[in-house]
Protein chains: 2
Amino acid sequence: MDDRPHVTLEDVAREAQVSLATASRALNGTTKVRSDLRERVLAAANQLAYTPNAHAQALAGGAHRTVGVICHDVSDPYFAGISRGVMRAADEAGLLVMLASTFRDPQKEIAYISMLRAQRASAILLVGSGFEDREWERALAAEIEPYQRGGGQVAVVSRHRTLRVDSVQPENRDGAAELARTLTAQGHRRFAVLAGPRALTTVVDRLRGFRDGLTEAGVELAESHIVEAAFTRDGGYAAMSELLARGLDATCVFAVTDVMAMGALAALRESGRSVPEDVSLAGFDDIPVVRDLAPPLTTVALPLEELGEKVMELAVRDNRGKRSRILRMPGTVVVRESTIPPAGS
Amino acid sequence: MDDRPHVTLEDVAREAQVSLATASRALNGTTKVRSDLRERVLAAANQLAYTPNAHAQALAGGAHRTVGVICHDVSDPYFAGISRGVMRAADEAGLLVMLASTFRDPQKEIAYISMLRAQRASAILLVGSGFEDREWERALAAEIEPYQRGGGQVAVVSRHRTLRVDSVQPENRDGAAELARTLTAQGHRRFAVLAGPRALTTVVDRLRGFRDGLTEAGVELAESHIVEAAFTRDGGYAAMSELLARGLDATCVFAVTDVMAMGALAALRESGRSVPEDVSLAGFDDIPVVRDLAPPLTTVALPLEELGEKVMELAVRDNRGKRSRILRMPGTVVVRESTIPPAGS
DNA sequence: GCGCTTTCTGAATGCGCTTTCACGCTAGGA
DNA sequence: TCCTAGCGTGAAAGCGCATTCAGAAAGCGC
């Protein structure tokens, strides 16, 4: 990129009429430097608008001050919330964050890890569900393991089955089970579920938990009442529309994600049904906007920012030789106005 | 961070029994290398899980493949949308994105620029309104100018008065004026405005544009009908609450941001007023969620992702010596259900 | 005043890589 | 057959910095 050469430490040293070594020491404060020399160096650096070259510092053995964060999509409120926590924590630790979105392309995820490896990032954070796919897991491990062997820290949010890494895990299963209990307690017996791709562990867990919770109340969830769609607002819309086209036979719909629930809400409204009078609707995650929907959404609250902070802490804390840690983060069912007892109860 | 040393190019060369130079050339494909040697090098690199050290590459004169993006808050849907565009464009250009949130702290903005400068990022993108503050502008220029002199590219979204940089500028003023015209055409005469901090150029522009539009219709906006608050959902809530406490004397409320409008909507609902029957409400930005509010929000649509893509393109395109470019992006008024003619018309 | 330790400074080394530079080799024209 | 291109290769320089090592200056007791 360079046109004109950058101001280097050598320029500063020359300007201050000291040796390069002294200039380095004066700027970093690693060793005592005679105060008048230090003043001269600082003044020269300031005057020349000197900025140390981080690449050279890194190469010469200085610490690497950057962490990489890889998520599916920053513009998804779920990841935005987590990112916020990560950045806050990184900021406190004086770390620089490199954030990348894979847009749910496993290839891209691998590519980004490779780039971060090249950057010698001090830590890599994988945020978001893993895919249940052997091939992908192998490819991922092939990038991650050499990185860890080289001293790199890796931490993830959500479940990765095969990776030996620290992780923060939302209690998706328990949260969904608790939600199911709450809804059956309200009197619901006929449910439909709007699911994301089953290749994602998050989806599998929430589905399993929800089913578990229903089973406790003696309610069964027919496979035909589960519609799979993309993990987005439009995915939720599409899934709900399909369900309606099939002739919705449920008093309560559970969308495995708040974002999907928003799409579902729109589809329901357009079909002339009102929530919660005609159908109850519940989501998962408690992203900030759902309390502003009409009606405000019943959901399972996950402490998103805290998830981000925790995963950052895991990655920063030194864990050489120790076995991988798992931090479980419970969700809390928040009942709002989108779910009420069904009409006939 | 390193425990064990990393695999270096030298290791690869030794393994492949070629010189270091040959190994480098084989991996980069810069020069012809005898095919059997190239095969040996590639095999060795693969076997040793070699990843080039990006710092060394950068230092040795290779291109710098990272761009820095600085915004106020990634978790704000406005910035999330723009970030999405930036990342998409960066991805196509093979660039790595470093994303930082300042949480609206000017100090932090300066600090991040300095860090990016140290990283020798090939471009720095400033996303979000500038502050109208002399002191801050000076400090910013002191970081930006040496960076540009060193060949760094800088581009911004939104207005920065004093910086000589390429910029993408939403037509805040025109958009707000058009919105005012639309609303007066609906019959509104008494308005209130929920504004963000006046130190932000975005706020100033939208306010001015809105006022201009009203003036055209012969409507005046009393200063007392403008409430200033934080640029967030809760800021909007607080501002609206204050307005209500004062005794709202308006048939239509304009929140300078959709995010603030969401807070306002909540405050109105809690006060027992319904939108749009009792009060009309309009926002600005057209963040994705507003169409899912009840009622869907009338707003000025900005092509957020495109803003991000464009600013990235500006930063990537070479503009040495050329004067700074300005790309104006018009907004479009989208009338939804949150605004209707006032009761008495 | 001398020898000794204690500070501080400057020259030099190396981090891992790209890129000249110069050389050895083969191929083609005289 | 010899000479000149032309191609591929390896040795070496250098990117900007932190750091080691050795030496100069300064402080101390005798």
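Just so it is clear, the structure is predicted and the values come from calculations on it, not from any experiment.

Before going further, it helps to examine the UniProt feature "domain: HTH lacI-type" (unreviewed entry) in chain A. When the UniProt feature table is mapped to this numbering, "domain: HTH lacI-type" (unreviewed entry) covers residues 7-61 of chain A. The straight-line gap between the two end C-alpha atoms of residues 7-61 of chain A is 21 Å; of that span, 65% is helix and 0% is strand.

Around DNA strand C sit 24 residues in total, of which Thr22 and Arg25 of chain A together with Leu9, Ser24 and Tyr50 of chain B are the nearest. Near-protein atoms of DNA strand C (within 4 Å) split between backbone and bases, with sugar and phosphate holding 63%. The separation between a phosphate oxygen of DNA strand C and a polar main-chain atom of Leu9 of chain B is 2.3 Å. Within the contact set of DNA strand C, a phosphate oxygen lies 3.0 Å away from a side-chain nitrogen or oxygen of Asn28 of chain B. Secondary-structure elements contributing two or more residues to the surface near DNA strand C are α2 (20-28) of chain A together with α2 (20-28) and α4 (54-59) of chain B. Ranked by residue count, the leading element in the surface near DNA strand C is α2 of chain B, at five residues.

So, on to the sheet that holds strand β11 (residues 326-329) of chain B. All names here are of chain B. Strand order in the open sheet formed by six strands is β2-β1-β3-β4-β5-β11, with parallel pairing between adjacent strands. Where the open sheet ends on each side, the last strands, each with one partner, are β2 (96-101) and β11. Shown here is a sheet whose adjacent strand axes are inclined to one another by a mean of 15°, direction ignored. Sheet topology note: the strand β4 (residues 153-157)/strand β5 (residues 166-170) ladder contains three bridges and is parallel.

So, about the interface of chain A and chain B. In this complex, chain A contributes 61 residues to the contact, which on the side of chain B involves 62 residues. When chain A packs against chain B, the two sides together hide about 5,900 Å² of surface, and 57% of this comes from carbon and sulfur. Joining chain A to chain B, the criterion identifies eight salt bridges. Salt-bridge contacts for Asp73 of chain B lead to Arg84 of chain A; the nearest nitrogen and oxygen are separated by 3.0 Å. Counting every contact that joins chain A to chain B gives 21 residue pairs in polar contact (both at pLDDT 80 or more). Sorting the residues of the side of chain A that touches chain B by element identifies α4 (54-59), α5 (77-92), β2 (96-101), α6 (106-118), α7 (134-149), α10 (233-245) and α11 (258-270) of chain A as the ones contributing at least two each. For the side of chain A that touches chain B, the per-class residue count stands at 28 nonpolar, 16 polar and 17 charged.

Around DNA strand D, the structure places 22 residues, and the nearest of them are Leu9, Ser24 and Tyr50 of chain A together with Thr22 and Arg25 of chain B. Backbone atoms, meaning sugar plus phosphate, form 64% of the atoms of DNA strand D positioned within 4 Å of the protein. Between Leu9 of chain A and DNA strand D, the recorded distance is 2.3 Å, taken from a backbone N or O atom to a phosphate oxygen. Of all elements in the fold, only α2 and α4 of chain A together with α2 of chain B reach the threshold of two or more residues within the surface near DNA strand D. No other element matches the four residues that α2 of chain A contributes to the surface near DNA strand D. In terms of residue class, the surface near DNA strand D is made up of 11 nonpolar, seven polar and four charged.

Superposition of the two copies of the chain requires a rotation about an axis and a shift along the axis. Superposition of chain A onto chain B requires a rotation of 180° combined with a translation of 0.0 Å along the rotation axis, giving an RMSD of 0.1 Å. Here the transformation between the copies is reduced to the relation of a two-fold axis. Take the interface residues of chain A: 100% of them recur as interface residues in chain B, which is what a same-surface contact looks like.

Here we take up the packing of α5 of chain A against helix α12 (residues 304-316) of chain A. All names here are of chain A. Packing of α5 against α12 brings their axes to within 7 Å, and their N-to-C directions diverge by 45°. Between α5 and α12, the angle falls in the class oblique. Every pair of crossing elements has a handedness; the one defined by α5 and α12 is right-handed. On α12, the residues touching Pro77, Tyr78, Gly81, Ile82, Arg84, Gly85, Val86, Arg88, Ala89 and Ala90 of α5 are Leu304, Glu305, Leu307, Gly308, Glu309, Val311 and Met312. Residues belonging to the contact of α5 with α12 are distributed by class as follows: 10 nonpolar, three polar and four charged.

Rules and cut-offs
- Residues numbered from 1 in each chain as written.
- Chains lettered and ligands numbered in written order.
- Predicted model: local features only at pLDDT ≥ 70, side-chain atom pairs only at ≥ 80, totals over all residues.
- Heavy atoms only, no water.
- UniProt positions renumbered as here; feature names shortened; annotations may be inferred.
- Helix = DSSP H or I, 4+ residues; strand = E, 2+ residues; numbered from the N terminus.
- Near = heavy atom within 4 Å.
- Polar contact = N/O pair within 3.5 Å; in protein donor to acceptor, adjacent residues only side chain to side chain.
- Pairing = 2+ DSSP bridges.
- Axes fitted to C-alpha atoms, helices over the stretch in contact; angles between N-to-C directions.
- Contact = heavy atoms within 4.5 Å.
- Buried area = accessible area lost by both parts, 1.4 Å probe.
- Salt bridge = Lys/Arg side-chain N within 4 Å of Asp/Glu carboxyl O.
- Nonpolar A, V, L, I, M, F, W, Y, C, P; charged D, E, K, R; others polar.
- Least-squares fit on C-alpha atoms with pLDDT ≥ 70 in both.
- Parallel < 35°, antiparallel > 145°, perpendicular 65-115°, else oblique.
- Left-handed = near helix turned anticlockwise from the far one by under 90°.

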